[in-house]
Amino acid sequence: RFVIKGGLAGAAVYVAYDQGLLGSGKQGAEALKKAQAALPPAIQEWTSYIGWELPPTPKFDFSPSDSWNKGVQTVMAALSVAPTRACEYTREGWKYVKDLVK
């Protein structure tokens, strides 16, 4: 059992490496585009062979590099205002405590 699971895991890592998923963001985006182009016909062929009918796949435009950049920008923006917000929250907290003590 362990050998089978290890073999499947190794094969999955090899396929991911071979397709460029473990490379740079551009390589990952290219691999995603290839998968989006290849999967719908393969799924359609498989379902017609079995006799199932699936709804059409939704079309979406997703760029991992743009999402990564947006995430980095959001984190950096949050970190840049963190000291100011910490001072504001501290001031509000002290005011709240003083109001409770009165």
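Since we're looking at a predicted model, the values are computed, not measured. (Residues numbered from 1 in each chain as written. Predicted model: local features only at pLDDT ≥ 70, side-chain atom pairs only at ≥ 80, totals over all residues. Heavy atoms only, no water.)

Draft legend 1. Region of the structure containing the overall build of the protein chain. What the protein chain contains, in helices and strands, is three helices and zero strands. In the protein chain, the succession of helices and strands from N to C terminus is α-α-α. When burial is assessed residue by residue, the protein chain has 6% of its 102 residues classed as buried. Looking at the protein chain as shown, the accessible area adds up to about 9,400 Å², and 65% of this sits on carbon and sulfur atoms. (Helix = DSSP H or I, 4+ residues; strand = E, 2+ residues; numbered from the N terminus. Buried < 20%, exposed > 50% of the residue type's maximum accessible area, 1.4 Å probe, protein only. Areas by Shrake-Rupley, 256 points an atom, 1.4 Å probe, with all protein chains shown as cover.)

Draft legend 2. How the structure looks around helix α2 (residues 25–50). The terminal C-alpha atoms of α2, which comprises 26 residues, lie 36 Å apart, in line with the 38 Å expected from a rise of 1.5 Å per residue. Along α2, the sharpest kink reaches roughly 25°, centred on Leu39 and followed within four residues by the proline Pro40. Along α2, the residues that are buried comprise Gly28, Ala29, Ala31 and Thr47. Where α2 ends, the next residue or the one after it, Gly51, has phi of about 105°, a positive value. (Expected span 1.5 Å × (residues − 1). Bend = angle between axes of the 7 residues up to and from the residue.)

Draft legend 3. Up close: a nonpolar patch on the surface. A surface patch of nonpolar side chains, about 600 Å² in accessible area, is lined by Trp94, Tyr96, Val97, Leu100 and Val101. Structurally, Tyr96 can be placed in helix α3 (residues 64–101). (Patch = residues over 30% accessible without salt bridge, like charges linked within 9 Å, V, L, I, M, F, W, Y side chains within 5 Å. Salt bridge = Lys/Arg side-chain N within 4 Å of Asp/Glu carboxyl O.)

Draft legend 4. Quick peek at the confidence of the model for the protein chain. Of the residues in the protein chain, 89% reach a pLDDT of 70 or more, and the chain-wide mean stands at 80. Mean pLDDT values over the elements of the protein chain span from 75, in α2, up to 86, in helix α1 (residues 2–18). (pLDDT = per-residue confidence, 0-100.)

Draft legend 5. Looking closely at the environment of Gln44. Structurally, Gln44 is set in helix α2. Taking the C-alpha atoms as reference, Gln44 lies 8.1 Å from Leu54; in sequence the two are 10 residues apart.

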